[in-house]
Amino acid sequence: MNTSETSQNIHEQIVALLPRLRRFARNLTRNPHDADDVVQIAVERALVRVDQWRRDARLDSWMFKIVRNAWIDELRSRGRRDKIFLAEEAGDHVGIEPIESETARMSVQAAMARLPEDQRVAVGLVLVEGLPYKEAAEVLDIPIGTLTSRLARGREALQALLGGEE
Amino acid sequence: MTISDDTLMAFADGELDGPARAAVELALRADPQLEKRVAEHRALRQRLQAAYSAELFEPMPERLLSAARRTPDMPRTNVVNLQDARDAMARDAARARPSQMWWRPVGSIAASLIIGFGLGYASWHQSSPLTRNGGGAMVASGQLAEALSHQLAADQSPASTVQIGISFLAKSGDYCRTFSLSGAVSPAGVACHHGQEWQIQMLTQSVGSGDAPGGYRTAASGMSPAILKAVDEQIAGEPLDQSAESAARSKDWNSTQASP
């Protein structure tokens, strides 16, 4: 495969990934505008560093990791952590409420928003984005054991918030 | 045997295989409670996927699509399409960016200041300046001259200090090439090959907003409006494609040999 062919492919592959990158970024940032900014930064970074992508590695995992790092950089450069404010906001109405089935979609997202970031991101990568544990652990730079424990705690919290049935 | 919660979860997520998987399957048959737990794990996954699937079908903002389709720094595709560059420029101008970037064309006096200071910022080796004064004209030297003479747009490393954009035959009969330079000030310009030298026809300087010191610089800025305009004014026909670029290089950018 020649260079130009490969680079053509990478652009279209990234375009195809955009909806998932955006969804993951929203889960990560909990703010749609931040999510789009972070995805844009990540895409631009990925294209500059595409030589660093191991072709035997999954492109989605590699991109998720760049999205996450872009968000960490963004938070650092802002010098504040949005999650602190959001966590307080969410804390106003903590408590298990009965879930109406027609609002199930919103409730799932509302329940997700109440999880601590570590658990929310682990759940997002594995259960929403469908990454294997190993890939998700690599995205987050954590051992698999840490990933599974965050995932288990996140699941438990979601089960408690959502109830067993819709 | 006992099956831990984590193992049960991994089983439900399809993470187990071989003997580990077989052991859980065996345990499930013996214990309906375990089976129920597995079903709960799977139901939760399905519920999450259902709740989040709609997001995949939302319209994608143009700025994300164009970011994904854009080639960093300068176009590196085989055939550079000026119209694409114009379109990308219009999109860049239209969208709000987290970090803004402005370009301004500079006159010849300012240009020498950029050469003096800007290129200094851009981590140039003092021992090999990138330009020199050639009989009143600013001509490329050192690394810049080297890149203009030898680097092909289609196979340059994004890490190179000098990035070549498009190459074209100008109405003057000279071959010209656009270039950009990495570094804090990111000068870019047009150079034309004349009398065995690369004369710098114009130079622009990009100025970051300063809100992200040392931060990430957008890769979208390959061709500024000023450079695009200069190319439009000077170009005779279309930009050189990859083979024409390569052919021009092999003739040392001497256009008179092409049409004796």
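All values reported here derive from a predicted model rather than from experimental measurement. (Residues numbered from 1 in each chain as written. Chains lettered and ligands numbered in written order. Predicted model: local features only at pLDDT ≥ 70, side-chain atom pairs only at ≥ 80, totals over all residues.)

Q: Could you give an account of the overall build of chain B, with specific residues and numbers?
A: Assigned secondary structure in chain B consists of nine helices and seven strands. Residues classed as buried in chain B amount to 34% of the 260 residues present. In chain B, of all internal contacts separated by at least 6 residues, the share reaching a separation of at least 24 is 58%. (Helix = DSSP H or I, 4+ residues; strand = E, 2+ residues; numbered from the N terminus. Buried ≥ 20, exposed ≤ 12 C-beta atoms within 10 Å, placed from the backbone. Contact = placed C-beta atoms within 7 Å.)

Q: An account of the pairing of strand S6 (residues 187-194) of chain B is needed here, citing residue identities and associated values.
A: All names here are of chain B. Among the eight residues in S6, eight count as buried, and that is most of the element. Burial along S6 is two-sided: the residues Pro 187, Gly 189, Ala 191 and His 193 and Ala 188, Val 190, Cys 192 and His 194 are all buried. Here five bridges tie strand S5 (residues 175-181) to S6, and the two strands are oriented antiparallel to one another. Each bridged residue has a counterpart across the sheet, and for Arg 177 the counterpart in S6 is Ala 191. (Pairing = 2+ DSSP bridges.)

Q: Tell me what's going on with the interface of chain B and chain A, and back it up with residues and numbers.
A: The interface of chain B with chain A comprises 39 residues on the first partner and 37 residues on the second. Within the residue set of the side of chain B that touches chain A, elements represented by two or more residues are helix H1 (5-12), helix H3 (32-53) and helix H4 (62-69) of chain B. Here the side of chain B that touches chain A takes nine residues from H3 of chain B, the largest share from any one element. Grouping the amino acids of the side of chain B that touches chain A by side-chain chemistry returns 20 nonpolar, seven polar and twelve charged. (Nonpolar A, V, L, I, M, F, W, Y, C, P; charged D, E, K, R; others polar.)

Q: Run through the nonpolar core, naming residues and quoting values.
A: Counting residues in each nonpolar core, the largest one holds 54 residues, and the members touching the most others are Val 39, Ala 42 and Val 67 of chain A. Counting residues per element, this core draws most heavily on helix H2 (residues 32-48) of chain A, at eight residues. Setting aside residues no more than four positions away along its own chain, Ala 42 of chain A makes contact with Leu 21, Met 63, Ile 66, Val 67 and Ala 70 of chain A. With 33 residues, the next largest nonpolar core counts Ala 154, Ile 164, Ile 166 and Phe 168 of chain B among its residues. (Core = buried A, V, L, I, M, F, W, Y, C linked by C-beta atoms within 7 Å.)

Q: Please give an account of H2 of chain A that cites residues and values.
A: All names here are of chain A. Helix length check: H2 (17 residues) gives 24 Å between terminal C-alpha atoms against 24 Å at 1.5 Å per residue, within 8%. In terms of burial, H2 is largely enclosed, as twelve of its 17 residues are buried. Listed as buried for H2 are Ala 35, Asp 36, Asp 37, Val 38, Val 39, Gln 40, Ile 41, Ala 42, Val 43, Glu 44, Ala 46 and Leu 47. (Expected span 1.5 Å × (residues − 1).)

Q: Any chance you could break down the confidence of the model for chain A for me, citing the residues and the numbers?
A: Residues and elements named next belong to chain A. In the predicted model, chain A carries a mean pLDDT of 83, and 77% of its residues have values of at least 70. By mean pLDDT, the top-scoring element of chain A is helix H6 (residues 117-128) (97), and the lowest-scoring one is helix H4 (residues 82-91) (48). Taken together, the stretch residues 1-5 has pLDDT below 50 and engages in five contacts with residues farther than four places along the chain or on a different chain. Per-residue pLDDT stays below 50 along residues 87-102; that stretch engages in ten contacts with residues further than four places along the chain or on separate chains. (pLDDT = per-residue confidence, 0-100.)

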